[in-house]
Amino acid sequence: MLLLGIDIGTSSTKVSVIDAATQKNVASAQYPDIEAPILALKSGWAEQSPEMWWDQAQQALAMCHKTGKYNAADIGAIGIAYQMHGLVLVDKNQKALRNSIIWCDSRAVEIGEKAFHAIGEENCLSHLLNSPGNFTASKLAWVKENEPEIYVQIDKIMLPGDFIAMKLTGEITTSVSALSEGIFFDFIGNRLSKEVVDYFGFDESFFPPIKPVFSVHGNLQASIAQKLNLKTGIPVSYKAGDQPNNALSLNVLNPGEVAATAGTSGVIYGVSDQLTYDKQSRVNTFAHVNYTEEQKRLGVLLCINGTGSMYRWAKNNFGLGLSYQQMNIDAVNAPAGSDGLRVLPFGNGAERMLNNKQVGAHLHNIDLNLHTQAHLFRAVQEGIAFAFRYGLDIMRENGMTPTVIRAGKNNLFLSELFTETFVNATGVPVELYKNDGSVGAALGAGIGASVFSSAAEAFKNMHPVQLIEPSKSQHLEPFYQEWQALLKTQLLNN
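These remarks concern the structure in this document.

Rules and cut-offs
- Residues numbered from 1 in each chain as written.
- Predicted model: local features only at pLDDT ≥ 70, side-chain atom pairs only at ≥ 80, totals over all residues.
- Heavy atoms only, no water.
- 1 Å grid on protein atoms, 1.4 Å probe; cavity = no way out; pocket = protein on both sides within 12 Å on 5 of 7 lines; lining within 4 Å.
- Points joined across faces, edges and corners; volume = space filled by probe spheres on them.
- Helix = DSSP H or I, 4+ residues; strand = E, 2+ residues; numbered from the N terminus.
- Nonpolar A, V, L, I, M, F, W, Y, C, P; charged D, E, K, R; others polar.
- Core = buried A, V, L, I, M, F, W, Y, C linked by side-chain atoms within 4.5 Å.
- Buried < 20%, exposed > 50% of the residue type's maximum accessible area, 1.4 Å probe, protein only.
- Contact = heavy atoms within 4.5 Å.
- Pairing = 2+ DSSP bridges.
- Axes fitted to C-alpha atoms, helices over the stretch in contact; angles between N-to-C directions.
- Phe/Tyr/Trp six-rings, centres within 6.5 Å; stacked < 30°, edge-to-face > 60°.
- Salt bridge = Lys/Arg side-chain N within 4 Å of Asp/Glu carboxyl O.

**A short note on the layout of surface pockets**
By volume, the second largest pocket is sized at about 330 Å³. What lines the second largest pocket is a set of 22 residues, among which Ser309, Arg312, Gly347, Asn348 and Gly349 lie closest to the centre. Top element by residues in the lining of the second largest pocket is helix α11 (residues 308-318). It accounts for 6 residues. Along the lines of polarity and charge, the residues of the lining of the second largest pocket split into 9 nonpolar, 11 polar and 2 charged.

Below, the structure is given as structure tokens:
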């Protein structure tokens, strides 16, 4: 049997086909090959079309089929991973009512802050494990306040992956993990949060039926199966947000295990068995993919909006004609510390770990006679790594003290310089794996469809390709302290 994984990202959609018997990647494809647009009609806004995601998924799957490396009739289950926190609204005909307000959109920050105080800070933190902040619930409230003509047409609300599953199956479902990432789930009451629904005045009928992450969320419709060259009736047996899914893809499922990713955004994601929360909601806690009421598994998530997006900005403005690989090579030509050049990589919306402030991206200490393109590329990578260190220190305040971090060897972790800087800045070894979100989604589908007897069986053949440990000769702490001082000054001035 083959397993199909679809990963709906911000920049592109990736599809992988996995051999269930060996867990090996048979074929992968990504579409588009340039980064997908984010619509910003106003400062701080960020939207994408759900239909664009559906088109990307179809294009990537067609590209996968064209490799000729497998028989599409052997695909027996589908898993979906998706960018978290996006709001998708559909009417009774399952038509999207507007563009999705995606994860890095900042328009609902004030709405979330007001709800945090009105519902009660302790109530929110103990029951929701988070402030409503800038998450899906607050975005829905923004639509209710500002677009009433759209709000009255809503039949169901969903997250990006739910939309793709709906397109495949015609059915709409949700999960505890999905509700928790939208700040709709009451962990103490083990139910949809009555306090959030009542405060915002939402209709409970908006919320789809709740199913386990690993379960059948619908079966492939005949018309869609014919269009996609797949068998009718294949189950969609797994749906999860990109960060819980990234953790799954790295076999991070048990308390104390930690994963990291550095794509468009940067994330450190640790698993806990405690209903824990940060009092300032700088890091967030959601139900992990294997959460149950009886065996609680929570994902403690640190998010930095501007990691890969910061490096993309550097490429588009200072590395024209260069590949990311060449930029990584050039960056090594500058010394550690980039001769004083410092970068704050926070230009992609409100940063939760900075108390939802929009700090913006900043370049500091530019010496026009000294600094080169190589200095800039290195300073950007160092700034991103220092942002990870800053966030990891917040996680440490909340009891998450990793002894090793697992990451896929992709995106910024393809850069040896970035990986070494990350390890030396945080003081934590990194294990790199040849895995990604689409592979994780495919393996998740196998778990959900009972192709594997357990998650352990799904990952029995997974081994790290590289271990990077802190270097005793690399002294980044003085550079980090300078960077942190610049950030604190910027926060005071913001």
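**Considerations on empty space enclosed by the protein**
In this approach the atoms are scanned with a rolling probe the size of a water molecule, which exposes any empty space left behind. This structure, assessed with the given rule, holds 3 cavities of 30 Å³ or more. Counted as a void, the largest cavity has a volume near 100 Å³. As for the largest cavity, its lining consists of 13 residues, and the residues nearest its centre are Ile157, Met158, Leu159, Thr174 and Phe184. Broken down by secondary-structure element, the contributors of at least two residues to the lining of the largest cavity are β8 (156-158) and α7 (176-181). By residue class, the composition of the lining of the largest cavity is 9 nonpolar, 3 polar and 1 charged.

**Here's the deal with the nonpolar core**
Ranked by size, the top nonpolar core spans 72 residues in total, and within it Leu89, Leu140, Ile157 and Phe184 carry the most contacts. If you tally residues by element for this core, the top one is helix α15 (residues 437-448), at 6 residues. Other than its neighbours up to four places away in sequence, Ile157 contacts Leu87, Val88, Leu89, Leu140, Phe184, Phe206, Phe207 and Pro208. Judged by nonpolar contacts, the second largest core, of 52 residues, contains Val300, Met327, Leu392 and Met395.

**Observations concerning the sheet that holds strand β15 (residues 298-304)**
One open sheet holds the 7 strands; their spatial order is β14-β15-β13-β12-β18-β19-β20, and the pairing between them is mixed. The sheet terminates laterally at β14 (284-287) and β20 (466-468), the two strands that pair on one side only. The average angle at which neighbouring strand axes cross in this sheet is 25 degrees, direction not considered. Alignment of strand β12 (residues 258-262) against strand β13 (residues 266-272), held across 5 bridges, turns out to be antiparallel. Pairing of Ala260 across the sheet is with Ile268, part of β13.

**As for the sheet that holds strand β11 (residues 236-241)**
The strands making up a sheet associate through backbone hydrogen bonding, with each pair oriented either parallel or antiparallel. If you trace the 5 strands from one edge of the open sheet to the other, you get β3-β2-β1-β5-β11, paired in mixed fashion. On the outer flanks of this sheet lie β3 (24-31) and β11, each paired with one strand and no other. Direction aside, neighbouring strands of the sheet carry axes that sit 15 degrees apart on average. As judged from the 5 bridges shared by strand β5 (residues 75-82) and β11, these two strands associate in the parallel manner. Bridge pairing links Ile78 to Val236 in β11. Most of the contacts of helix α6 (residues 160-169) go to β5, to which it runs at about 150 degrees, and overall it touches β1 (2-8), β5 and β11. Sheet strands in contact with α15 are β1, β2 (13-19), β3, β5 and β11, and its direction is about 130 degrees off that of β1.

**Quick word on the packing of aromatic side chains**
Within this structure, the stated rule accounts for 22 aromatic pairs. On the numbers, 5.2 Å between centres and 25 degrees between planes, the contact of Phe200 with Phe202 is stacked. For Phe200, a relative accessible area of 9% gives the class buried. Phe202 gets classed as buried once you look at its relative accessible area, which sits at 6%. Both rings, one in Phe413 and one in Phe422, keep their centres 5.4 Å apart while their planes meet at 75 degrees; by these two values the pair is edge-to-face. Across the pair, exposure class does not vary: Phe413 and Phe422 are buried alike.

**So, the pattern of salt bridges**
Under the counting rule described, the total for this entry stands at 21 salt bridges. Across the salt bridge formed by Glu47 and Arg98, the nearest N and O atoms sit 3.2 Å from each other. Highlighted residues: Glu47 in strand β4 (residues 47-48) and Arg98 in the loop between β6 (88-90) and β7 (100-101), separated in sequence by 51 residues. Each of the two residues, Glu47 as well as Arg98, counts as buried. Arg107 serves as the salt-bridge partner of Asp105, at 2.8 Å between the closest nitrogen and oxygen. Summarising the burial analysis for this pair, Asp105 and Arg107 share the class buried. Counted as one network, the salt bridges with shared partners bring together Glu47, Arg98, Asp105, Arg107 and Glu147.

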